[in-house]
Amino acid sequence: MIQHQLIEACKQNDRRAQLKLYNKYCDGMYYVAQRFINDPFEAEDAMQEAFIKAFEKLAQFTGEVSFGAWLKRIVINKCLDKLKARKLELVAINEQILGTADEEDNWNVDDGIGLEEVKRTMEELPEKYRYPLMLYLIEGYDHEEISEILDISQVASRTLVHRGKKKLQEELKVKRHGTGY
């Protein structure tokens, strides 16, 4: 069954089609959830809730973006809802004081630093930087999308990503040169 037919069958509440669609995307969506929620059980819970919501809202899927991208957005939003529920809210930023961060900042890290070390270090950043930076660097969202997902302005998104990159670079530099690791 091709994906379009599978989605149409899911819209008709065909449980077998829903199971096929779930099995096709569950692993990938679990990894997305786990990048936001470090607890594997809570990440799985967020993913499950996102699938339930996706099946409930499937009529709203227009095919404008791929089904995977549409579902990923639901998973990320569900993760952020769970984090907010745990009182891990993002710090509000006074936009009148902050200027727009320069997009073309110098993004260099030591050649010996691998992707996994960058991801681990990113997980240690304060949440106000971690989530915008993950959405930008790992998930590939632009500032307009990040502002919608996190319910912040585009200026705040640019600023948080810019500051997050700087903080990430500092942490990587300290790990590599400053603490004896």
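Structure: above.
Quick caveat: nothing in here was measured; it's all calculated off a predicted structure.

Colleague: Can you tell me about the nonpolar core, naming the residues and giving the values?
Modeller: Side chains of nonpolar character tend, in soluble globular proteins, to be buried together. Counting 45 residues, the largest nonpolar core has Phe-36 and Phe-67 as its most contacted members. Sorting the residues of this core by element identifies helix H1 (3-11), helix H2 (15-36), helix H3 (40-56), helix H4 (67-85), helix H5 (115-123), helix H6 (127-138), helix H7 (143-150) and helix H8 (154-178) as the ones contributing at least two each. Apart from the residues lying within four places of it in its own chain, the contact partners of Phe-36 are Ile-76, Cys-79, Leu-80, Leu-83, Tyr-131, Met-134, Leu-135 and Glu-139.

Colleague: With reference to specific residues and values, describe H6.
Modeller: Among all positions of H6, only Tyr-129, Arg-130, Tyr-131, Pro-132, Leu-133, Met-134 and Leu-135 are buried. Once H6 ends, the next one or two residues include Gly-140, with phi positive near 80°.

Colleague: How would you explain the side chain of Thr-121 if you had to name every residue and give the values?
Modeller: Inspection of the secondary structure assignment puts Thr-121 in helix H5. By relative accessible area, which is 1% here, Thr-121 ends up buried. Within polar-contact distance, the side chain of Thr-121 engages the backbone oxygen of Glu-117 at 2.8 Å.

Colleague: Please set out the pattern of salt bridges residue by residue, giving values where relevant.
Modeller: Tallied over the full model, the rule gives 9 salt bridges. With a closest N to O distance of 3.0 Å, Asp-45 and Lys-82 form a salt bridge. In this pair, Asp-45 is assigned in helix H3 and Lys-82 in helix H4, connecting sequence segments 37 residues apart. By relative accessible area, which is 16% here, Lys-82 ends up buried.

Colleague: I'd like a description of unusual backbone geometry, backed by residues and values.
Modeller: A positive phi angle, near 65°, is found at Asn-13, a position not held by glycine. Here Asn-13 is to be found in the loop between H1 and H2. Not every positive phi belongs to a glycine, and Asp-151 is a case in point at roughly 60°. With a relative accessible area of 66%, Asp-151 lands in the exposed category.

Colleague: Outline the packing of H2 against H4, supporting the account with residue identities and numerical values.
Modeller: Axis separation between H2 and H4 bottoms out at 10 Å; the angle between their running directions is 40°. Viewed along their axes, H2 and H4 adopt a mutual orientation that is oblique. In the packing of H2 onto H4, the handedness of the crossing is right-handed. Residues Leu-21, Tyr-25, Met-29, Val-32, Ala-33 and Phe-36 of H2 pack against Phe-67, Gly-68, Leu-71, Lys-72, Val-75, Ile-76, Cys-79, Leu-80 and Leu-83 of H4. Classifying every residue of the contact of H2 with H4 gives 13 nonpolar, 1 polar and 1 charged.

Colleague: Give a description of the environment of Asp-27 that names residues and reports values.
Modeller: In this structure, Asp-27 sits in helix H2. Residue classification places Asp-27 among the exposed positions, given a relative accessible area of 52%.

Colleague: Give me the side chain of Lys-78: which residues, what numbers.
Modeller: Note on placement: Lys-78 falls in helix H4. Look at Lys-78 and you get buried, because its relative accessible area is 17%. If we ignore the near neighbours within four places in the chain, the residues touching Lys-78 are Ala-46, Glu-49 and Ala-50.

Colleague: I'd like to hear about the packing of aromatic side chains, residue by residue, with values.
Modeller: As enumerated under the stated definition, the model contains 8 aromatic pairs in all. Plain terms: the ring middles of Phe-61 and Trp-70 are 5.3 Å apart, the flat faces sit at 55° to each other, and that makes the pair tilted. Here Phe-61 falls in the buried class, since its relative accessible area comes to 11%. With relative accessibility at 16%, the residue Trp-70 sits in the buried group.

Calculation rules
Residues numbered from 1 in each chain as written. Predicted model: local features only at pLDDT ≥ 70, side-chain atom pairs only at ≥ 80, totals over all residues. Heavy atoms only, no water. Core = buried A, V, L, I, M, F, W, Y, C linked by side-chain atoms within 4.5 Å. Buried < 20%, exposed > 50% of the residue type's maximum accessible area, 1.4 Å probe, protein only. Helix = DSSP H or I, 4+ residues; strand = E, 2+ residues; numbered from the N terminus. Contact = heavy atoms within 4.5 Å. Polar contact = N/O pair within 3.5 Å; in protein donor to acceptor, adjacent residues only side chain to side chain. Salt bridge = Lys/Arg side-chain N within 4 Å of Asp/Glu carboxyl O. Axes fitted to C-alpha atoms, helices over the stretch in contact; angles between N-to-C directions. Parallel < 35°, antiparallel > 145°, perpendicular 65-115°, else oblique. Left-handed = near helix turned anticlockwise from the far one by under 90°. Nonpolar A, V, L, I, M, F, W, Y, C, P; charged D, E, K, R; others polar. Phe/Tyr/Trp six-rings, centres within 6.5 Å; stacked < 30°, edge-to-face > 60°.

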